[in-house]
Amino acid sequence: MLLYFLRHGEADWPNWKKSDDNRPLTKRGKKEMREVGAFLKLIKAKPDLIVTSPLPRASQTAEIAAGRLKVKYREDKLLAPGFDRDDLEQLLKKYPSESLMIVGHEPDFTEVISDLTGASLKLSKAGTALVELNRSWHNGRLLWLFPPRIATA
């Protein structure tokens, strides 16, 4: 199984006074995600479905990626901050697929990818990783990791 991890784009608002959970993508974050989505299409990323955290910055990221890749997306609370290996297993049972993209947050994604693959990494904002999971979903291989700047190179 192929599992794409896509971290949400930039959502840093210096004078944000509302809950952190409500932060949307910035203008720059939206532009960057359009570029990342175009790059994913260029390299022929083919998820069957995109599942996203319900937080605005993640769901906006998923919407942009889904539009570029011409695939459906849906929100799931399992991908909210605090996502871990147990949540991943529940998610994979809920959305059986040969190729799934999940959109979420740090440090959750780095920890899950590291736990699955043994890799030492950090997933930057708007960064994408592809992990090939074994049949049991307990281990995997990190196939690639791209920071967003590669999409604009």
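Per-chain numbering applies: the sequence of each chain, read as written, is numbered from 1 onward. Residue-level local features of this predicted model are given only where pLDDT is at least 70; pairs of side-chain atoms are given and counted only at 80 or more, and the full residue set underlies all totals for whole chains, interfaces and linings. Only hydrogens and water are set aside; all other atoms, that is, all heavy atoms of the structure, feed into the side-chain values.

A closer look at the nonpolar core
Note on terminology: a nonpolar core comprises buried Ala, Val, Leu, Ile, Met, Phe, Trp, Tyr and Cys residues joined through side-chain atoms within 4.5 Å. Three exposure classes are used, based on accessible area relative to the maximum for each residue type with a 1.4 Å probe and protein chains only: buried under 20%, partly exposed in between, and exposed over 50%. The biggest cluster of nonpolar side chains holds 24 residues, and the ones touching the most others in it are Leu-3, Phe-5, Phe-83, Leu-88, Leu-91, Leu-100 and Ile-102. Under the scheme used here, helices are H or I runs from DSSP no shorter than 4 residues and strands are E runs no shorter than 2 residues, and both carry numbers assigned from the N terminus. Where this core is concerned, the elements lending two or more residues are strand 1 (2-7), strand 2 (49-52), helix 3 (85-94), strand 4 (99-104), helix 4 (108-117) and strand 5 (128-133). Of all the elements, helix 4 adds the most residues to this core, at 4 residues. When sequence neighbours within four positions are dropped, the list of residues in contact with Leu-100 reads Met-1, Leu-2, Leu-3, Tyr-4, Pro-47, Leu-49, Val-51, Leu-92 and Tyr-95. In this structure, Met-33, Val-36, Ala-45 and Leu-130 belong to the second largest nonpolar core, which totals 20 residues. By the convention used here, residues are in contact when the closest approach between their heavy atoms is within 4.5 Å.

Considerations on helix 2 (residues 56-69)
To estimate how far a helix should extend, the number of its residues minus one is multiplied by 1.5 Å. Helix length check: helix 2 (14 residues) gives 20 Å between terminal C-alpha atoms against 20 Å at 1.5 Å per residue, within 8%. Every buried residue of helix 2 is listed here: Arg-57, Ala-58, Ser-59, Thr-61, Ala-62, Ile-64, Ala-65, Ala-66 and Leu-69. Those residues of helix 2 hidden inside the fold are in contact with strand 1, helix 1 (27-42), strand 2, strand 3 (73-75) and strand 4. Positive backbone phi, approximately 55 degrees, marks Lys-70, located one or two places after helix 2.

Concerning a positive patch on the surface
To count toward a patch, a residue needs a relative accessible area over 30% and no salt bridge; like charges are then connected within 9 Å, while nonpolar side chains (Val, Leu, Ile, Met, Phe, Trp, Tyr) are connected within 5 Å. Throughout, the Shrake-Rupley method with a 1.4 Å probe supplies accessible areas, and for residues the shown protein chains are the sole cover considered. Whenever a carboxyl oxygen of Asp or Glu lies within 4 Å of a side-chain nitrogen of Lys or Arg, that contact is scored as a salt bridge. Positive residues here are Lys and Arg, negative ones are Asp and Glu, while His and the chain termini are left out of the count. Where a charge lies is defined by one atom per residue type, namely NZ (Lys), CZ (Arg), CG (Asp) and CD (Glu). Together, Lys-30, Arg-34, Lys-41, Lys-44, Lys-46, Arg-68 and Lys-70 line one region of the surface with positive charge. Ranked by the residues each element gives to the positive patch, the list is headed by helix 1, at 3 residues. If you trace the backbone, Arg-68 turns up in helix 2.

Quick look at the packing of helix 1 against helix 2
Note on definitions: angles span 0 to 180 degrees between N-to-C directions of axes, and those axes are lines fitted to C-alpha atoms, for helices only across the stretch in contact. Their axes nearest at 8 Å, the elements helix 1 and helix 2 cross at an angle of 35 degrees. Like other packed secondary-structure pairs, helix 1 and helix 2 cross with a definite hand, here right-handed. Packed against helix 1, whose contacting residues are Lys-30, Met-33, Arg-34, Gly-37, Ala-38, Leu-40 and Lys-41, the element helix 2 presents Gln-60, Thr-61, Ile-64, Arg-68 and Leu-69 at the interface. For this classification, the nonpolar set comprises Ala, Val, Leu, Ile, Met, Phe, Trp, Tyr, Cys and Pro, the charged set comprises Asp, Glu, Lys and Arg, and every other residue, Gly included, is treated as polar. Here the residues of the contact of helix 1 with helix 2 are counted per class, giving 5 nonpolar, 3 polar and 4 charged. Crossing handedness: left-handed means the near helix sits turned counterclockwise from the far one by under a right angle, and right-handed means the same turn made clockwise.

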